[in-house]
Amino acid sequence: MNRTAGKTPILLAAFGTTSKAIETYSFIDDIVKKRFPGHEVLWSYSSRMVKDRIKKKNNTELKHPHQVLSELKSRGFAWAAVQSMHLMCGHEFYRLVDEAKECEIRTSIGLPLLYSPIDYKKVLAALDYLIPSVKEDAVVFIGHGTDHSAWAAYAALLNMLRESGKSNAYVGVVEEGHASMEEVVIAVSRAGYKHVRLVPLMLVAGVHFMEDMAGNENSWKIAFEAKNISVSLEQDGLGLNNSIIEIFCQHIHDALDVIPSGQ
């Protein structure tokens, strides 16, 4: 079959989420298409749980990376750039790499958001406006967490915040890994802060934001308020931050750059 006209397709591979995702993914999609004119931009989702929920709720069929890559192969493409929309090189990223390897089409994988020291510096610059200038206020960037060794990315981010003089900025996670809600709440309370801003360190401010961060039961918000620390909430995930998406775009550019010309 003759290859479809156009440049190497770009497949964006996200974990998936059941809430507030459409706005975020549309925002990302628009930026990527503008940055890479002539390249077909497609989406895939690695979470089977989310895929099943969306199918049941909206009767919408989300595709896994291998499904989209197989379709591109059948259309005559020899190569595809696959951009991880994950934050770090954890379980989901390596599953994506393995899944791409099993496909007949050749792939070049774009790295997650946090990979090189330059990535970390760019992320901190993109989030700097969220760090309070008032001495009595603190900010906590809250990620998903992982039992993969990639958990160290959270510690590295915190270390770089401290090195840049941001003593009122903290990093925590809602699930496994460092640092837990209890650890961060104690640290912020002992430091004497009276107000804290909670920021989702996630691509989409979805279920974890609504339940674990902002919920009315066993949430970060409730835990801080129990220490008489007032709370404000950043409503948007990282996926709605232009500067963050530019980092992903650089990784797409790097992935495309290693593909032989004319492919």
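Computed from a predicted structure; not experimentally measured.

> Any chance you could explain the nonpolar core here in plain terms?
Here is a general trend for soluble globular proteins: nonpolar side chains tend to be buried in one another's company. With 52 residues, the main nonpolar core has Leu12, Tyr25, Ile28, Leu113, Phe141, Leu201 and Ile244 as its most contacted residues. Ranked by residue count, the leading element in this core is helix 10 (residues 242–257), at eight residues. With sequence-adjacent residues up to four places away left out, Leu201 is seen in contact with Leu87, Leu127, Phe141, Ile142, Gly143, Tyr154, Leu157, Val171 and Leu238. In this structure, Ile142, Val174, Met202 and Val231 belong to the second largest nonpolar core, which totals 21 residues.

> Would you mind showing me how to read unusual backbone geometry here?
Apart from glycine, the bulk of residues carry a negative phi angle, and the bulk of peptide bonds sit in the trans form. Despite not being glycine, Asn218 shows a phi value in the positive range, around 55°. Positive phi outside glycine occurs at Asn228, with the angle close to 60°. Looking at where Asn228 falls in the secondary structure, it is placed in the loop between helix 9 (220–225) and strand 8 (230–233). Judged by its relative accessible area of 70%, Asn228 is exposed.

The rules we used
- Residues numbered from 1 in each chain as written.
- Predicted model: local features only at pLDDT ≥ 70, side-chain atom pairs only at ≥ 80, totals over all residues.
- Heavy atoms only, no water.
- Core = buried A, V, L, I, M, F, W, Y, C linked by side-chain atoms within 4.5 Å.
- Buried < 20%, exposed > 50% of the residue type's maximum accessible area, 1.4 Å probe, protein only.
- Helix = DSSP H or I, 4+ residues; strand = E, 2+ residues; numbered from the N terminus.
- Contact = heavy atoms within 4.5 Å.

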